[in-house]
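# A structural walkthrough
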Amino acid sequence: MYNETTHDGEGAHSDHDHHGPAKGLMRWVTTTNHKDIGTLYLWLSFTMLLYGGSMAMVIRLELFQPGLQWVEPHFFNQMTTMHGLVMVFGAIMPAFVGLANWLIPMMIGAPDMALPRMNNWSFWILPFAFTMLASTTLMESGAPAFGWTFYAPLSTTFAPDSTDFFIFAVHLMGISSVMGAINVIATILNMRAPGMTLMKMPLFVWTWLITAYLLIAVMPVLAGAVTMMLTDRHFGTSFFDAAGGGDPVMFQHIFWFFGHPEVYIMILPAFGVISAIIPTFARKPLFGYSSMVYATASIAILSFMVWAHHMFTTGMPVAGELYFMYATILISVPTGVKVFNWVTTMWKGSMTFETPMLWALGFIVMFTIGGLSGLMLGVAPVDTQYHDTYFVVAHFHYVLVTGALYSIIAAFYYWVPKWTGHMYDERLGKIHFWWSTIAVNVLFFPQHFLGLAGMPRRIPDYSLQFAEFNMISSIGGFAFGLAQVFFLYIVIKTIKGGEKATDRVWEGATGLEFEHLSSPPPYHSFNEAPPVK
Amino acid sequence: MNKSALKLAIIPLLMFGFGFALVPLYDVFCDITGLNGKTGRVEASEINADLVDRSRTIEVRFLANTNTGLPWSFEPLVKKMQVHPGQVYEAVYRVRSASDNKTMGQAVPSVSPGLAAQHFNKTECFCFTQQELEGRETRDMPIQFIVDTDISADIEQITLSYTFFSVDQG
Ligand code: HEM
Ligand SMILES: [Cu+2]
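Small disclaimer: the values here were computed from a predicted structure and weren't measured.

What counts and how
- Residues numbered from 1 in each chain as written.
- Chains lettered and ligands numbered in written order.
- Predicted model: local features only at pLDDT ≥ 70, side-chain atom pairs only at ≥ 80, totals over all residues.
- Heavy atoms only, no water.
- Helix = DSSP H or I, 4+ residues; strand = E, 2+ residues; numbered from the N terminus.
- Areas by Shrake-Rupley, 256 points an atom, 1.4 Å probe, with all protein chains shown as cover.
- Near = heavy atom within 4 Å.
- Polar contact = N/O pair within 3.5 Å; in protein donor to acceptor, adjacent residues only side chain to side chain.
- Nonpolar A, V, L, I, M, F, W, Y, C, P; charged D, E, K, R; others polar.
- Buried < 20%, exposed > 50% of the residue type's maximum accessible area, 1.4 Å probe, protein only.
- Contact = heavy atoms within 4.5 Å.
- Phe/Tyr/Trp six-rings, centres within 6.5 Å; stacked < 30°, edge-to-face > 60°.
- Lys NZ or Arg CZ within 6 Å of the ring centre and 35° of its normal.
- Donors = N, O, S within 2.8 Å, 3.2 Å for Na, K, Ca; no water.
- Pairing = 2+ DSSP bridges.
- Salt bridge = Lys/Arg side-chain N within 4 Å of Asp/Glu carboxyl O.
- 1 Å grid on protein atoms, 1.4 Å probe; cavity = no way out; pocket = protein on both sides within 12 Å on 5 of 7 lines; lining within 4 Å.
- Points joined across faces, edges and corners; volume = space filled by probe spheres on them.
- Expected span 1.5 Å × (residues − 1).
- Axes fitted to C-alpha atoms, helices over the stretch in contact; angles between N-to-C directions.

## A short note on the overall build of chain A
Scanning chain A from terminus to terminus reveals 17 helices and zero strands. Of the accessible surface of chain A, which amounts to about 19500 Å², a share of 70% is contributed by carbon and sulfur atoms.

What follows is the structure, given as structure tokens:
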């Protein structure tokens with residue numbers, strides 16, 4: 001795919017030590033190059049986005065009208081479960097790892113990642129994990145149908161046989177993430193160019209450093225949870241079985257001890273992306289750099305102390321509810337600091353609105369909507385009403401789709417000219433933005449109303465008063481899905497060709513990758529460390 | 001560089017262990033706080049009969065359930081009792097097996113309101129061990145319990161609920 005373009009790129013920095021990539025398919029299998037591996041991750045993520053998206057289309061199709069018209073309830077449950085798992089572990093997380101691979105070495109002036117062979121392993125485990133997960137759909141018992149949160153005893157006593165494949169797939173994803181995270185930390189701590197002190201690092205690097213620590217802290221807890229499921233299912237333990245002295249509620253505690261930091265794993269790198277894009281197009285340095293670093297760190301630390309806000313309705317004592325409520329609301333303070341800093345960066349800037357900036361602005365506005373609904377959910381007494389309704393669905397889709405996914409798309413438009421040496425088609429990029437943004441709000445905004453009116457989540461059929469909003473939501477869903485197929489076309493078109501990008505790419509761009517590398521960068525960049533001011 | 005990777009690898013290993021450590025921690029936490037409706041257990045010899053608080057009367061209600069997969073019927077012989085804190089009482093549950101074969105069950109107690117749980121102690125209970133019934137057997141199972149004298153004055157009623165779960169013989 002990138003064969004030719006990376007070769008051309010040698011031009012600017014041509015040097016006899018620079019070896020180009022190997023030829024053919026084996027290049028991708030055996031590669032230890034951070035750019036190749038970044039590309040592989042990004043393609044895996046896009047594939048998973050379309051796969052998970054097609055399941056979302058089945059869900060919205062069934063919910064288009066009340067009654068059961070297209071799929072059986074059991075199959076519907078398999079769709080919601082697999083959609084959630086594929087999007088979280090297959091689309092969002094690998095996309096950020098792909099961005100980390102491409103960008104971190106170029107941003108800190110390193111030749112590659114610290115552990116290139118392990119890097120190859122981290123990636124190549126994933127296609128096996130997802131093939132295994134996807135194959136459960138074809139099994140006699142059907143795919144797992146207990147929701148992406150796989151609460152016991154649904155996932156233990158009452159789970160389909162295919163659950164063991166799910167467990168093994170989760171183990172593999174966990175191993176891949178932990179290896180990837182160790183690589184990121186080792187790279188950032190050991191391979192920075194002289195002069196690149198921690199407090200000079202671009203925020204994307206900072207947010208990834210903190211995310212990597214979150215990953216190595218909580219992915220093993222997830223691995224522990226699925227291991228307990230496995231032994232409960234087959235080896236006579238009763239971690240989650242009341243009959244043997246266990247407790248299903250404990251499953252939720254363990255899951256959310258992983259789960260809440262996990263949602264920040266999916267959003268902290270997004271903060272880094274937005275903190276790179278906004279200053280470029282406002283032509284002003286980022287406002288409050290160090291407060292951004294401290295805000296990121298405090299969000300990460302606090303994220304370990306709020307997990308039970310997902311469990312307000314399990315019958316906690318009032319003291320517990322109050323503690324988790326205040327701790328949850330406390331997290332919105334550092335999050336607010338970030339939004340404030342982005343807005344202040346734009347204040348009196350000379351702004352232009354190229355496609356990456358549009359996606360970044362879309363992120364700020366709509367992520368904030370998601371943060372506000374999160375705040376409402378964090379208020380324990382009202383969560384009793386909102387819990388397990390479409391309001392929660394609306395909340396996490398605003399933070400994950402118009403938050404995490406928007407930042408990934410913004411990052412693509414922002415750095416793809418650097419990666420390929422080709423400008424994307426600006427007109428198509430803008431169409432993609434407006435099409436997606438209108439569609440996504442038609443899709444998810446009405447779900448707030450559905451939730452407030454009491455429509456439960458994870459159901460294939462609903463009572464008649466919910467019909468109109470569901471139909472509107474489904475129409476938005478189909479339009480949003482189609483917009484991402486259009487995005488695929490834009491991506492391929494950009495890789496194949498396009499107006500030649502300058503080395504700086506954007507007038508206001510800063511950072512080593514824009515100031516010291518050609519577009520596209522040589523296959524091995526920064527064999528000699530660049531000067532850092 | 002590989003050294004720092006190995007050092008980092010210790011963190012996930014510890015955290016994997018921590019995931020499992022959450023299990024006993026959770027039980028200890030529930031024990032100390034009395035959350036989760038887990039009841040206490042005391043030895044009959046520890047009870048001081050002089051401490052009975054006759055000025056207070058609390059109603060204790062008894063509930064009984066069997067979980068799916070266990071062909072037993074299970075009910076308390078008395079549905080409720082008026083008790084004084086500090087005094088030992090006995091209540092009896094009757095279990096009937098509808099199976100022709102030997103079956104085994106484990107009863108799991110739960111007390112509500114949750115805050116009463118740590119003040120609700122049992123000196124004897126069929127829930128301390130697994131119970132085995134012969135085919136079609138009927139058996140009366142007693143519990144002895146005592147409500148602490150220092151239980152909060154707000155609590156006027158306590159519900160004690162047992163669920164019998166099937167235990168796989170294997
Ligand atoms: C201001 C910050 C936030 C607050 C106060 C907040 C609060 C909450 C609360 C209280 C719930 C549980 C609702 C319920 O089940 O009744 C929830 C669910 C959720 N949140 Fe957030 N949230 C915030 C930000 C985020 C972010 C940044 C993400 C991800 C990028 C996220 C992802 C999720 C997900 C995936 C769920 C649903 C989990 C499930 O049950 O399937 N949230 N949030
Ligand atoms: Cu949370």
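Having seen the structure, we can now continue with the description.
## Focus: the site of ligand 1
Residue and element names in this part refer to chain A. By nearness alone, 23 residues border ligand 1, and Trp148, Asp383, His387, His395 and Arg457 come closest of all. Here His387 contributes a side-chain N or O atom positioned 2.7 Å from an oxygen atom of ligand 1. Side-chain polar atom of Arg457 to an oxygen atom of ligand 1: 2.8 Å apart, as the coordinates give it. Taken together, the residues of the shell around ligand 1 break down into twelve nonpolar, nine polar and two charged.

## Topic: the environment of Gln484 of chain A
Residues and elements named next belong to chain A. By secondary structure assignment, the location of Gln484 is in helix H16 (residues 467-496). Taking the relative accessible area as the measure of exposure, Gln484 reaches 5% and is therefore buried. Along the chain, Gln484 and Val273 lie 211 residues apart, while their C-alpha atoms are 20 Å from each other. For Gln484, the residues in contact, after removing those within four places along its chain, are Phe46, Leu50, Ile409, His432 and Ser436. A polar contact is formed between the side chain of Gln484 and the side chain of Ser436, at a distance of 3.2 Å.

## Details of the packing of aromatic side chains
Each aromatic ring pair is summarised here by two numbers: the centre-to-centre distance and the angle between the ring planes. Applying the stated criterion across every chain yields a total of 66 aromatic pairs over all chains. Ring centres of Phe126 of chain B and Phe164 of chain B lie 5.9 Å apart, and the angle between their planes is 20 degrees; on these two criteria the pair is classed as stacked. Taken together, the residues Phe126 of chain B in the loop between strand E7 (120-124) and strand E8 (131-133) and Phe164 of chain B in strand E10 (residues 157-166) connect sequence positions 38 residues apart. The class for Phe126 of chain B is buried, based on a relative accessible area of 5%. Above the face of the Trp28 of chain A ring, Arg27 of chain A is positioned so that its terminal group lies 4.2 Å from the ring centre.

## Observations concerning the coordination of the copper ion (ligand 2)
All names here are of chain A. Protein coordination at the copper ion (ligand 2): the donors are His260 (ND1), His309 (NE2) and His310 (NE2), at 1.8 to 2.1 Å from the metal. In the primary structure, the donors to the copper ion (ligand 2) are separated according to the pattern H-x48-H-H. Separating the copper ion (ligand 2) from the iron atom of ligand 1 is a gap of 4.6 Å.

## Details of the coordination of the iron atom of ligand 1
If you check the protein contacts of the iron atom of ligand 1, you find one donor only, His395 of chain A (NE2), at 2.1 Å. Position of His395 of chain A relative to the elements: it lies in helix H14 (residues 390-420).

## Some remarks on the pairing of strand E4 (residues 80-83) of chain B
Residues and elements named next belong to chain B. Residue alternation in E4 divides its side chains into a buried set, Met81 and Val83, and an unburied set, Lys80 and Gln82. Looking at chain direction, strand E2 (residues 58-66) and E4 are connected through four bridges and run antiparallel. Bridged to Arg61 within E4 is Lys80.

## Brief notes about the pattern of salt bridges
With the rule as written, the count across this model stands at ten salt bridges over all chains. For the salt bridge of Asp164 of chain A with Arg233 of chain A, the shortest nitrogen-to-oxygen distance reads 3.0 Å. Here the residue Asp164 of chain A occupies a position in helix H6 (residues 163-190), and Arg233 of chain A occupies one in helix H7 (residues 203-234), the gap between them amounting to 69 residues. Given the relative accessible area of 19%, Arg233 of chain A is considered buried. Of the charged contacts in the structure, one is a salt bridge between Arg94 of chain B and Asp140 of chain B, with a shortest N-O distance of 2.7 Å. Of this pair, Arg94 of chain B sits in strand E5 (residues 88-97) while Asp140 of chain B sits in strand E9 (residues 138-147), and the two are 46 residues apart along the sequence. Using a relative accessible area of 28% as the deciding quantity, one classes Arg94 of chain B as partly exposed.

## Description of the interface of chain A and chain B
Tallying the contact residues gives 27 residues for chain A and 22 residues for chain B. Applying the counting criterion to the chain A and chain B interface returns zero salt bridges. For the interface between chain A and chain B, the tally reads two residue pairs in polar contact (both at pLDDT 80 or more). Sorting the residues of the side of chain A that touches chain B by element identifies H6, H7 and helix H8 (248-265) of chain A as the ones contributing at least two each. With nine residues, the top contributor of residues to the side of chain A that touches chain B is H7 of chain A. Considered class by class, the residues forming the side of chain A that touches chain B number 22 nonpolar, four polar and one charged.

## Focus: empty space enclosed by the protein
Residues and elements named next belong to chain A. Here the structure, examined in full by the defined rule, presents two cavities of 30 Å³ or more. Here the largest cavity is characterised by a volume of approximately 290 Å³. Elements represented by at least two residues in the lining of the largest cavity include exactly helix H3 (34-63), helix H4 (73-108), H14 and H16. Looking at the lining of the largest cavity, the element that brings in the most residues is H3, giving six residues. Taken together, the residues of the lining of the largest cavity break down into 18 nonpolar, two polar and no charged. Taken as a whole, the second largest cavity spans an internal volume of roughly 180 Å³.

## Looking at helix H12 (residues 355-378) of chain A
A rise of 1.5 Å per residue sets the reference length of H12 of chain A, with its 24 residues, at 34 Å; its end C-alpha atoms lie 34 Å apart and thus fit the reference within 8%. Judged by how many residues are buried, H12 of chain A sits mostly within the fold: 17 of 24 residues are covered.

## Quick notes on the sheet that holds E2 of chain B
Sheets are built from strands paired through backbone hydrogen bonds, the pairs being either parallel or antiparallel. Residue and element names in this part refer to chain B. Strand order in the open sheet formed by five strands is E4-E2-E10-E6-E8, with mixed pairing between adjacent strands. Here the strands that pair on one side only, and so sit at the sheet edges, are E4 and E8. Neighbour-to-neighbour, the strand axes of the sheet open up by a mean angle of 30 degrees, direction not taken into account. Sheet analysis places E2 next to E10, joined by eight bridges and oriented parallel. Across the sheet, Arg61 pairs through a bridge with Thr159, a residue of E10.

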